[in-house]
Amino acid sequence: FVIHSGHNIGKTAWLSNLAWWWSTTRPFSIVVDTAPTYERQVCNVFWGEMKKWGARIGSTNDFDIQKSKLIWKVGDEIKQKLEASGVHAGNWMITGESAANKEAIAGYHSPMGVLVLIDEASGVDDSIFEALEGAISDARGDYRLVLTGNPTKRDGEFFNAFDSPKYESLYWRLRQTSWESEVADTQKWCQDMLQKYGENSPAYRSRVLGLPPDDNPSALIPYSSIVDAISRHEET
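Throughout what follows, the structure given in this document is the object of discussion. In this text, all values refer to a predicted model and were calculated from it rather than measured experimentally.

What counts and what doesn't
Residues numbered from 1 in each chain as written. Predicted model: local features only at pLDDT ≥ 70, side-chain atom pairs only at ≥ 80, totals over all residues. Heavy atoms only, no water. Salt bridge = Lys/Arg side-chain N within 4 Å of Asp/Glu carboxyl O. Helix = DSSP H or I, 4+ residues; strand = E, 2+ residues; numbered from the N terminus. Buried < 20%, exposed > 50% of the residue type's maximum accessible area, 1.4 Å probe, protein only. Contact = heavy atoms within 4.5 Å. Bend = angle between axes of the 7 residues up to and from the residue. Polar contact = N/O pair within 3.5 Å; in protein donor to acceptor, adjacent residues only side chain to side chain. Phe/Tyr/Trp six-rings, centres within 6.5 Å; stacked < 30°, edge-to-face > 60°. Lys NZ or Arg CZ within 6 Å of the ring centre and 35° of its normal. Pairing = 2+ DSSP bridges. Axes fitted to C-alpha atoms, helices over the stretch in contact; angles between N-to-C directions. Parallel < 35°, antiparallel > 145°, perpendicular 65-115°, else oblique. Left-handed = near helix turned anticlockwise from the far one by under 90°.

Concerning the pattern of salt bridges
Within the structure shown, the criterion is met by seven salt bridges. We note a salt bridge from Glu 49 to Lys 52, for which the minimum N-O separation is 3.3 Å. Remark: Lys 52 and Glu 49 occur in helix α2 (residues 38–57); sequence separation between them is three residues, near one turn of the helix. The residue Lys 102 makes a salt bridge to Glu 103 at a minimum N-O spacing of 3.8 Å. The class for Glu 103 is exposed, based on a relative accessible area of 54%. Salt bridges sharing partners connect three or more residues here, namely Lys 11, Asp 119 and Glu 120.

Here we look at the side chain of Thr 95
Structurally, Thr 95 can be placed in strand β5 (residues 93–96). With near-sequence residues (within four places) excluded, Thr 95 lies in contact with Val 31, Val 32, Asp 33, Trp 47, Ser 68, Lys 69 and Tyr 108.

Details of α2
At Trp 47, α2 shows its maximal kink, close to 35 degrees. Along α2, the residues classified as buried are Tyr 38, Gln 41, Val 42, Cys 43, Phe 46, Trp 47, Glu 49, Met 50 and Gly 54.

Observations regarding the environment of Ser 127
Mapped onto the secondary structure, Ser 127 falls in helix α5 (residues 127–137). Among the residues examined, Ser 127 registers a relative accessible area of 22% and is labelled partly exposed. When the C-alpha atoms of Ser 127 and Lys 102 are compared, they prove to be 7.7 Å apart, with 25 residues separating the residues in sequence. At 2.7 Å, the side chain of Ser 127 forms a polar contact with the side chain of Asp 125.

Some remarks on the packing of aromatic side chains
Think of a pair of aromatic rings as described by two things: how far the centres are apart, and how the planes are tilted against each other in angle. Overall, the coordinates contain ten aromatic pairs when judged by the stated rule. On the basis of an interplanar angle of 80 degrees and a centroid distance of 5.9 Å, the ring pair of Phe 46 and Trp 47 is categorised as edge-to-face. The residues Phe 46 and Trp 47 share a single accessibility class, namely buried. Connected via pairs of aromatic rings, a cluster forms that spans Trp 20, Phe 28, Phe 63, Trp 72 and Trp 92. Between the NZ or CZ atom of Arg 26 and the centre of the ring of Trp 21, over which it lies, the distance is 4.7 Å.

Quick word on the pairing of strand β4 (residues 69–72)
In summary, the side chains of a regular strand alternate between the two faces of the sheet. Side chains Leu 70 and Trp 72 project from β4 onto a buried face, and the interleaved Lys 69 and Ile 71 project onto a face without burial. Judged from the three bridges that link them, strand β3 (residues 63–65) and β4 form a sheet pairing that is antiparallel. Within the sheet, the bridge partner assigned to Phe 63 lies in β4 and is Trp 72. In this antiparallel pair of consecutive strands, β3 and β4, the connection spans three residues. Where β4 meets β5, three bridges bridge the pair, whose relative direction is antiparallel. The partner of Lys 69 across the bridge, within β5, is Thr 95.

What about the packing of helix α1 (residues 11–25) against α2?
Packed helices, taken two at a time, are described by their axes: the angle between them and the distance between them. Interaxial distance between α1 and α2 falls to 9 Å at its minimum, and their mutual angle equals 55 degrees. Considering the angle they form, α1 stands oblique to α2. Along this stretch, α1 crosses α2, giving a crossing that reads as right-handed. Residues Thr 12, Ala 13, Leu 15, Ser 16, Asn 17, Ala 19 and Trp 20 of α1 touch α2, and the partners they reach there are Val 45, Phe 46, Glu 49, Met 50, Trp 53, Gly 54 and Ile 57.

Some details on the sheet that holds strand β8 (residues 173–176)
Taken together, the eight strands give an open sheet; going across it, the order is β3-β4-β5-β2-β6-β7-β1-β8, and neighbouring strands pair in mixed fashion. On the outer flanks of this sheet lie β3 and β8, each paired with one strand and no other. Averaged over all pairs of adjacent strands, the angle between strand axes in this sheet comes to 10 degrees, irrespective of strand direction. Relative to the sheet, α1 contacts β1 (2–5), β2 (30–34), β3, β4, β5, β6 (114–118) and β7 (143–149), its axis offset from that of β7 by approximately 170 degrees. Strands in contact with α5 are β2, β6 and β7; relative to β7, the strand with the most contacts, it is inclined by about 160 degrees.

Structural data, given as structure tokens:
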């Protein structure tokens, strides 16, 4: 599943609800979330939404939630029943990982299913997708991959997942502009971005329309390089 989108559409809230839905409907499954910056995007943004929506879902007695991990509390009796039916159940959890730790992300397996969420996927190194291909081929249960974010460059896995004809049968594709958002004040922000940058600018195309930038070949620094530099700065 791949979503190219603008800013301020409630994407992280949707991802957290997707994580809760998958985990609550598939006992002993695993959800893995990652993004280019671990502390800001994974721990602060995504897990902030996880805790907010988790407070509405059930009692905290049902799970143990930490900085970037949630583990469901399950009695030994349930585990024994599953193992008696031929299912070897490990941890039932939702976890956040650094995108730099691709071996850890690809190393999660569960016969009850694995959901991998990659936010701001345009800024994630393509080597992580190569590692995930091996994990998918070795999967012992339902394995799903969700890619979301602003398309900040015209190459790489995130771009190809949406735009390459070779990938058409591999992903369910959706594009959503910031103009379509119902988040408060987004319409004014869109108008400000249009006035400030112009409708053909890389910033407006990517951040508002959810379109890959048409980088000017005469530009000294491509837009995608600026976005990558900002991400590295935020992480350090």
